[in-house]
Amino acid sequence: NNSIVDTVRVFDPDRNYDLSLIQIAFTDTSIEINGDSAKAVLQGEACRYDLIVHNNGPVIANNFTVWSLIPDSVENTSYSILPLPSYQNSDTLIWQLNGLEAGNSITITINSTLADSLPYTPFPIEITSRIIAKNDTFETNNNAETVIYGIKKLGPPPDPTDLAIT
């Protein structure tokens, strides 16, 4: 019984670029949770997220989607990139993009305000983003998650009570 074993590499010519996604949160406040520093924002205050899409090459990336899920606790959202999201529903943002040259990046900046109502403090706020690209050769670097913590503002102190001893 003679047999030969060989490895054959199959090349898919339509899968020919590698997009990667990095997501960074910017806040003016930080807190310590279990000994670790964490980014935080006070309710009603501004925060910013940058989504950085990079084409690692080797060819131009065409017809890809950037998707971001913004929680309900984040509102008054604006963007730094045109076109505006091609789809926007209360918490879902979608950009249809085309023509990102190999070696280049595009940054989508999302400016937001933390809602005035939070269920508790510190409240974790997770922003999840993804690249959806049919021709991407390495999809494991297409997802990003960032957590910041929402902090309730303290109200004014109560009026001092006049205590009289009789």
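Read on for an overview of the structure. Since this is a predicted model, take the numbers as computed values, not measurements.

1. Section: the overall build of the protein chain
Item 1. Along its length, the protein chain carries zero helices and 11 strands.
Item 2. Ordering the α and β elements of the protein chain from the N terminus gives β-β-β-β-β-β-β-β-β-β-β.
Item 3. Looking at the protein chain as a whole, 36% of its 166 residues qualify as buried.
Item 4. Pairs at least 24 residues apart make up 79% of the contacts formed inside the protein chain by residues separated by at least 6 positions.
Item 5. Just so you have it, the protein chain exposes about 10,600 Å², and 51% of that area is on carbon and sulfur atoms.

2. Details of the nonpolar core
Item 1. Judged by nonpolar contacts, the single largest core of 31 residues is most densely connected at Leu 19, Phe 64, Trp 95 and Ile 110.
Item 2. At the level of secondary structure, the elements contributing two or more residues to this core comprise strand E1 (17-26), strand E4 (46-58), strand E5 (64-69), strand E6 (74-79), strand E8 (92-97), strand E9 (105-114), strand E10 (123-132) and strand E11 (143-151).

3. Some points on the sheet that holds E5
Item 1. With mixed pairing, the seven strands of this open sheet are ordered in space as E2-E3-E11-E10-E5-E8-E7. Of all the strands in the sheet, the pair left with one neighbour each is strand E2 (29-33) and strand E7 (87-89). Across this sheet, the average inter-strand angle for adjacent strands is 25°, counted without regard to direction.
Item 2. In this structure, E5 lies alongside E8, joined through six bridges in antiparallel fashion. Within E8, the position partnered with Trp 67 by the bridge is Ile 94.

4. Some remarks on the sheet that holds E9
Item 1. With antiparallel pairing, the four strands of this open sheet are ordered in space as E1-E4-E9-E6. Looking at which strands have only one partner, the edges of the open sheet turn out to be E1 and E6. Across the sheet, the axes of successive neighbouring strands diverge by a mean angle of 20°, strand direction being ignored.
Item 2. Pairing of E6 with E9, which is carried by four bridges, proceeds in the antiparallel orientation. The residue of E9 that forms the bridge with Tyr 79 is Ile 110.

5. With respect to the pairing of E11
Item 1. Here strand E3 (residues 36-42) runs beside E11; their pairing, made up of three bridges, is parallel. From the neighbouring strand, Val 41 faces E11, where its bridge partner is Gly 150.
Item 2. Taken together, the eight bridges between E10 and E11 define a ladder with antiparallel strand orientation. Directly across from Phe 123, in E11, lies its bridge partner Gly 150.

6. Considering the pattern of salt bridges
Item 1. Per the counting criterion, the structure on display carries two salt bridges.
Item 2. The partner of Glu 45 in a salt bridge is Lys 153, with the nearest N and O atoms 3.0 Å apart. With Glu 45 in the loop between E3 and E4 and Lys 153 in the segment after E11, this residue pair connects regions lying 108 residues apart in the sequence.
Item 3. Taking relative accessible area as the criterion, Lys 153 reaches 43% and is therefore assigned partly exposed.

Rules and cut-offs
- Counting restarts for each chain: residues are numbered from 1 in the order of the written sequence.
- This being a predicted model, a pLDDT of at least 70 is required before a residue's local features are given, and a value of 80 or more before pairs of side-chain atoms are given or counted; all residues contribute to the totals for chains, interfaces and linings.
- Side-chain metrics rest on all non-hydrogen atoms present in the structure, leaving aside hydrogens and water.
- Numbered from the N terminus, helices here are DSSP runs of H or I no shorter than four residues, and strands are runs of E no shorter than two.
- Only protein chains enter the accessibility calculation, which uses a 1.4 Å probe; a residue is then buried when its area is under 20% of its type maximum, exposed when over 50%, and partly exposed in between.
- Note on definitions: a residue-residue contact is assigned when non-hydrogen atoms from the two residues lie within 4.5 Å.
- Note on areas: Shrake-Rupley, 1.4 Å probe, and residue coverage restricted to the protein chains presented here.
- We define the nonpolar core as a collection of buried residues of types Ala, Val, Leu, Ile, Met, Phe, Trp, Tyr and Cys that are connected through side-chain atoms lying within 4.5 Å of one another.
- Criterion used throughout: strands pair if DSSP finds at least two bridges between them.
- All axes here are fitted lines through C-alpha atoms, helices being fitted over the stretch that makes contact, and every angle between N-to-C directions spans 0 to 180 degrees.
- The rule for a salt bridge is simple: a side-chain nitrogen of Lys or Arg has to be within 4 Å of a carboxyl oxygen of Asp or Glu.

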